[in-house]
Amino acid sequence: MFRSGTSIGANVAEAQCAISRNDFVAKLYIALKESNESIYWIDLLFNTQCLTREQYDSIRKDCVELKKLLVTITKSARNNQIATSLQRNS
């Protein structure tokens, strides 16, 4: 949980200094995958009674919201990437 959870922020920070649009999208996609893994670990921790219902609900809600943000950002970045590529080829 610690590794996947902290990897989200690390990859977003790397994306901010990306050397290309492809690199930006790739780093954000990794952050998205890590957020999905974190949700898995949160569910596992709750199912093994390592988290209370209150802790689980709070942490999981935050992680799901973060995942939604990353989905939106990666979709937008990819669409912009495709549009730019099409403009160059026309």
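Residues numbered from 1 in each chain as written. Predicted model: local features only at pLDDT ≥ 70, side-chain atom pairs only at ≥ 80, totals over all residues. Heavy atoms only, no water.

(A) Fine view of the packing of helix 1 (residues 2–16) against helix 2 (residues 21–47). With their axes 8 Å apart at the nearest point, helix 1 and helix 2 run at an angle of 165° to one another. The orientation of helix 1 with respect to helix 2, classified from their angle, is roughly antiparallel. The handedness of the crossing between helix 1 and helix 2 is left-handed. Between helix 1 and helix 2, the contacting residues are Arg3, Ser4, Gly5, Ser7, Ile8, Asn11, Val12, Glu14 and Ala15 on the first element and Phe24, Lys27, Leu28, Ile30, Ala31, Glu34, Ser35, Glu37, Ser38 and Trp41 on the second. (Axes fitted to C-alpha atoms, helices over the stretch in contact; angles between N-to-C directions. Helix = DSSP H or I, 4+ residues; strand = E, 2+ residues; numbered from the N terminus. Parallel < 35°, antiparallel > 145°, perpendicular 65-115°, else oblique. Left-handed = near helix turned anticlockwise from the far one by under 90°. Contact = heavy atoms within 4.5 Å.)

(B) Inspection of the environment of leucine 28 at higher detail. Within the secondary structure, leucine 28 is located in helix 2. Residues leucine 28 and glutamate 14, 14 residues apart in the sequence, show an inter-C-alpha distance of 8.6 Å.

(C) Up close: the packing of aromatic side chains. A full pass over the atoms with the stated rule returns two aromatic pairs. On the numbers, 5.0 Å between centres and 70° between planes, the contact of tyrosine 40 with tryptophan 41 is edge-to-face. With a relative accessible area of 48%, tyrosine 40 lands in the partly exposed category. Judged by centre distance (4.2 Å) and plane angle (20°), the rings of phenylalanine 46 and tyrosine 56 are stacked. In this pair, phenylalanine 46 sits in helix 2 while tyrosine 56 sits in helix 3 (residues 53–89), placing the two residues ten residues apart along the sequence. Comparing phenylalanine 46 with tyrosine 56, the two get one shared label, buried. In this structure, arginine 78 is placed above the aromatic ring of tyrosine 29, and the distance from its NZ or CZ to the ring centre is 5.4 Å. (Phe/Tyr/Trp six-rings, centres within 6.5 Å; stacked < 30°, edge-to-face > 60°. Buried < 20%, exposed > 50% of the residue type's maximum accessible area, 1.4 Å probe, protein only. Lys NZ or Arg CZ within 6 Å of the ring centre and 35° of its normal.)

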